[in-house]
Amino acid sequence: MEESENMSNKKKLTASLGDKTFRLLTLLMAMSVLALMVWIGWQMVDSARPSIAKFGFTFVIGRVWDPVKEQFGALPFIYGTLVTSFLALIIAAPVGLGVAIFLNEMATSKVRSVIGFLVEMLAAIPSVVYGLWGIFILAPWLRETVEPGLAKWFGFIPLFQGTPLGFSMLAGGLILAVMILPTIASISREVMAAVPNEQREAALALGATKWEMIRIAVLPYAKSGILGGVMLGLGRALGETMAVTMVIGNRPDILSSLFAPAYSIAAVIANEFTEATSDLYLSALVEIGLILFGITLILNVFARLLVWSVERGPKGGISS
Amino acid sequence: MGQSLSIHNLEAWYGSNKILKGINMEIRPNQVTAIIGPSGCGKSTFVRCINRMHETLPRTRVRGEISLDGRSIYDLNPVALRKTVGMVFQKANPFPSMSIYDNVVAGLRLNGMKNKQELKASAEKSLRMAALWDEVKDRLNYSGMSLSGGQQQRLCIARALAVEPSVLLMDEPASALDPIATTHIEELIRSLKEIYTIIIVTHNMQQAARIADSTAFFLSGELVEHGPTSEIFTNPHDKRTEDYITGRFG
Amino acid sequence: MNDRLRRYRNEMMMGIFTVATLLALIPLFGVLGYVVTNGLSALNLEFFMNLPKGMGTPGGGMANSIVGTLIMVLIASLIGIPVGILTAIYLTEYDSASWFSMGVRFATDVLTGIPSIIVGIVIYSSVVLKMGHFSALAGGLSLSIIMIPLMIRSTEEMLKLVPHSIREAGYALGISKGTTIIKIVLPTAAKGIMTGAMLAVARVSGETAPLLFTALGNQYWARSLNEPIAALPVQIYQYATSPYKAWQQQAWAGSLVLISLVVLLNLIARCAFRSRSN
């Protein structure tokens, strides 16, 4: 592309056959990636069509999920997904930001590389292993210790009422918090590293303490990028399947207590997809997946734009 | 042997910036021609037009005519042209993934030469011409990056020579080097003009005076004056040349 | 403002950030600790050699799952790594700013963010339903879709690190663009690209969700790529959610094997990259 643009009228660059073939090959691959995205979207819409036709908008607000009577409403799953994801966000965002600040602004380079690696490992642990740990360690601990404790001290809030079961939205939210923390920490770190050192030095030269420097020079600069990181984390939480499936309790109810079991979109797909006997049932499951796809898509696009605007913004110019 | 170059009404753009505004210049074979001028005057772009490197950058455009021994360079495939017109860059850029030896023969090998004996002979010849042979002959398998800055630049010169060009373009080849390495490179350039036509861009006027047979002074994309080096430095015709040489601007 | 108050506040905030970091590491050591202790007690040579035993019977192993995971990750790599690298080459070397390549980058971002279970659905309805059965091929294919965007992003980063002067040096020797890319640019970025590939492999080795309705799982050896096949993460999931103590033990052992694989790949990748930057 570039080269043909550069050429004025007669001056054509001629490439050898091998060169052209290689270029064409890379172009084909790039096209296939674009096609893959379109194809996935189309496949989802196509498979969900029977369910969309049958239920229309009531699918999204329906509270009943009864495969036997072929009555499908997705609200309980949407609810469970949103509650666990936001719970995860409330916990992981401040902690992740704290980790990013610690690594970027406080740690020596040795500490940074060790702790940075450990935080990366947190992201590398497979989701099913988190789920296993959730079933046998986290859920019992919540049931025996945390949930009774919370009920005792904060029981007047509806969120912390009811029987402590362990397998609950609280468990789902906590495990998601652990899983998205590295995403938030590493992206916040990236955008904070993009803050020019002159900004920090300017603040320090004014007699700012380290915290004041972070507050006036680093955070405002990195703000929208951090927000982007948080949104990417949220996107990951919404779509996370295995760990949540294993600890959320898998009951399609909408209850206000965090101690109550619930169901998430990804979990119901994982559990019921291979058991879906009728076409409509399968189609309804795909439609829930489509909703999830739509939410994560929008979230990701926004998040990328935010991160991108920070990382590209301050630099600019043409490198020679 | 070196070839002559004739440049006719050469214009070049970067984006909407017109960098060269109609250059006309004759360059004689087997001479060192120095291009001097303040930063941003288009001297680098000028030499990059001669081997059609300028066009490889995005949003660039070139118009005009350049001919090599009377033959338009635009009739040649740019890849073939660059075998005839070699180039050495401002910063030494050996291929980091290759050894010293592989760097020197990279051009030959990638252009299809397979014979080990020939490659070896050519590597030695090029390294000798670049006055680097004695320093590296015992460690040809070391990475090119293991050399000092001056040695790296001479390695790049050897790499360019191995392809056996007839014209050698040098874009401030010594600007990143210390004085001793610079002296080495300058001696090298003087000895190479026996075989090659050399065009060297430099911001260092003493350097131009030391090594060039003829000197061209560029200003804001125009060729102000081109003549024998001694004349340019002692008796410039143009007031602007005089101002630049005597250090009144630039 | 009072200087002492400011200093005090500074100390406090620094303390909070340190505590946050320690807090973040608790689950890591919690998970690793339990997996190692519970896993080691259930792990033995048999685990690597034998097929699973029946419902809740002690003993047996996950040999078929380990092999199944390796096979599917191999299939995924054979597709995902070349497609990813070639696309990244197109984006960095041939066309970095047009609408088309912006579109491809956007698609890469979208693919990175797609929940992996969605990939499972799509492969199910397009491959499994058409072929009429679950298979290793379908499983490998779904993993490759997860791998492609990871490979594109990491390769693109690595290619961008290769200085432009290296490419110009190639062109200036009269080497064509394609040859310059293959023989000079790629070798220069090779270590970084391999690091990216290793991390992508590590990532997909632990994926469970997309395999649930593509590879399905299998208690026996799969005799061809056209049959349902066992995978380590799927087997861990099935055993972890089973009511049998013996199977739950096996799930811990399986997790230990899986985590060791993933951590090892991460460590190798990281060391390789560090030796490069020195």
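Residues numbered from 1 in each chain as written. Chains lettered and ligands numbered in written order. Predicted model: local features only at pLDDT ≥ 70, side-chain atom pairs only at ≥ 80, totals over all residues. Heavy atoms only, no water.

> Even after reading the chapter, I still don't get the overall build of chain C, so can you show me in this structure?
Along chain C, the regular secondary structure elements total eleven helices and zero strands. Along the chain direction, N to C, the helices and strands of chain C fall in the order α-α-α-α-α-α-α-α-α-α-α. Projecting the C-alpha coordinates of chain C onto the three principal axes gives extents of approximately 70 × 70 × 35 Å. Relative to its full complement of 278 residues, chain C shows a buried share of 58%. (Helix = DSSP H or I, 4+ residues; strand = E, 2+ residues; numbered from the N terminus. Buried < 20%, exposed > 50% of the residue type's maximum accessible area, 1.4 Å probe, protein only.)

> It is not clear to me how the overall build of chain A should be interpreted in this structure. Could you clarify?
Helix and strand counts for chain A stand at twelve helices and two strands. The secondary structure elements of chain A, listed N-terminal to C-terminal, are α-α-α-β-β-α-α-α-α-α-α-α-α-α. Referenced to the eigenvectors of the C-alpha coordinate spread, the extents of chain A come out at roughly 75 × 60 × 30 Å. Across the 320 residues that make up chain A, the buried fraction comes to 54%. In chain A, 74% of the contacts between residues at least 6 apart in sequence involve partners at least 24 apart. Within the structure as shown, chain A displays about 14,000 Å² of accessible surface, and the carbon and sulfur contribution to it stands at 67%. (Contact = heavy atoms within 4.5 Å. Areas by Shrake-Rupley, 256 points an atom, 1.4 Å probe, with all protein chains shown as cover.)

> When you look at the interface of chain C and chain A in this model, what are you seeing that I'm missing?
Interface size is often expressed as the accessible area that is lost when the parts come together. Across the boundary between the two partners, chain C contributes 83 residues, which contact 78 residues of chain A. Roughly 7,100 Å² is buried in total at the junction of chain C and chain A, and carbon and sulfur atoms are behind 79% of that figure. Summed over the shared surface of chain C and chain A, the number is three salt bridges. The shortest N-O distance in the salt bridge between Arg270 of chain C and Glu120 of chain A comes to 3.4 Å. In this structure, the connection of chain C to chain A is made through nine residue pairs in polar contact (both at pLDDT 80 or more). Its residues assigned to classes, the side of chain C that touches chain A comprises 54 nonpolar, 21 polar and eight charged. (Buried area = accessible area lost by both parts, 1.4 Å probe. Salt bridge = Lys/Arg side-chain N within 4 Å of Asp/Glu carboxyl O. Polar contact = N/O pair within 3.5 Å; in protein donor to acceptor, adjacent residues only side chain to side chain. Nonpolar A, V, L, I, M, F, W, Y, C, P; charged D, E, K, R; others polar.)

> Is there a simple way to explain the pattern of salt bridges in this structure?
It is possible for side chains of opposite charge to pair when their charged atoms get near one another. The full count for this structure, using the stated rule, is 28 salt bridges over all chains. A salt bridge links Arg167 of chain C to Glu93 of chain C; its shortest N-O distance comes to 2.7 Å. Separated by 74 residues along the polypeptide, Arg167 of chain C in helix H7 (residues 164–172) and Glu93 of chain C in helix H3 (residues 63–94) bring together distant segments of the chain. Arg167 of chain C gets classed as buried once you look at its relative accessible area, which sits at 8%. Across the pair Glu156 of chain C and Arg105 of chain C runs a salt bridge whose closest N-O atoms are separated by 2.8 Å. On the criterion of sequence distance, the pair formed by Glu156 of chain C in helix H6 (residues 136–161) and Arg105 of chain C in helix H4 (residues 99–113) is long-range, its members being 51 residues apart. By relative accessible area, which is 7% here, Glu156 of chain C ends up buried. The exposure class assigned to Arg105 of chain C is partly exposed, which follows from its relative accessible area of 21%. Salt bridges sharing common partners tie together Glu212 of chain A together with Asp3 and Arg6 of chain C.

> Please explain the sheet that holds strand E9 (residues 214–219) of chain B as it appears in this structure.
In a beta sheet, neighbouring strands are held together by backbone hydrogen bonds and run either parallel or antiparallel to one another. Residue and element names in this part refer to chain B. Reading across the sheet, the six strands line up as E6-E7-E8-E3-E9-E10 and stay open at both edges, with mixed pairing between neighbours. What marks the edges here is a single partner per strand, and that holds for strand E6 (85–88) and strand E10 (222–228). If you compare each strand with its neighbour and ignore which way they point, the axes differ by 20° on average. Sheet analysis places strand E3 (residues 32–36) next to strand E8 (residues 197–201), joined by four bridges and oriented parallel. In the sheet register, Val32 faces E8, and the bridge partner there is Ile198. (Pairing = 2+ DSSP bridges. Axes fitted to C-alpha atoms, helices over the stretch in contact; angles between N-to-C directions.)

> Would you mind going over a nonpolar patch on the surface with me for this structure?
Taken together, Leu5, Tyr8, Met12 and Ile16 of chain C make up a surface patch of nonpolar side chains, about 400 Å² in accessible area. For Tyr8 of chain C, a relative accessible area of 56% puts it in the exposed group. (Patch = residues over 30% accessible without salt bridge, like charges linked within 9 Å, V, L, I, M, F, W, Y side chains within 5 Å.)

> Which parts of the structure should I look at to understand helix H11 (residues 265–272) of chain A?
Helical geometry: 3.6 residues make up each α-helical turn, so side chains three or four residues apart lie on a common side. Within H11 of chain A, eight of the eight residues are buried, which leaves it mostly tucked inside the rest of the structure. Considered for burial, the residues of H11 of chain A that qualify are Ile265, Ala266, Ala267, Val268, Ile269, Ala270, Asn271 and Glu272 of chain A.

> Hey, could you run me through the environment of Ala231 of chain C in this one?
All names here are of chain C. Relative to the elements of secondary structure, Ala231 occurs in the loop between helix H9 (209–212) and helix H10 (232–240). Through-space distance from the C-alpha of Ala231 to that of Ser101 is 36 Å; in sequence the pair is 130 residues apart. For Ala231, the contacting residues outside a window of four places in its chain are Ser65, Thr69, Met72 and Leu211.

> Help me understand the domain arrangement of chain A, please; the structure alone is not making it clear to me.
All names here are of chain A. Domain boundaries assigned for chain A yield domain 1 (2–55) and domain 2 (74–312). Across the contact, twelve residues belong to domain 1 and eight residues belong to domain 2. Each partner contributes to the roughly 810 Å² buried at the junction of domain 1 and domain 2, and carbon and sulfur atoms together form 79% of this total. Counting across the domain 1 and domain 2 interface gives zero salt bridges. Inspection of the domain 1/domain 2 interface yields five residue pairs in polar contact (both at pLDDT 80 or more). Split by residue class, the side of domain 1 that touches domain 2 holds seven nonpolar, three polar and two charged. (Domains from an automatic or database assignment.)

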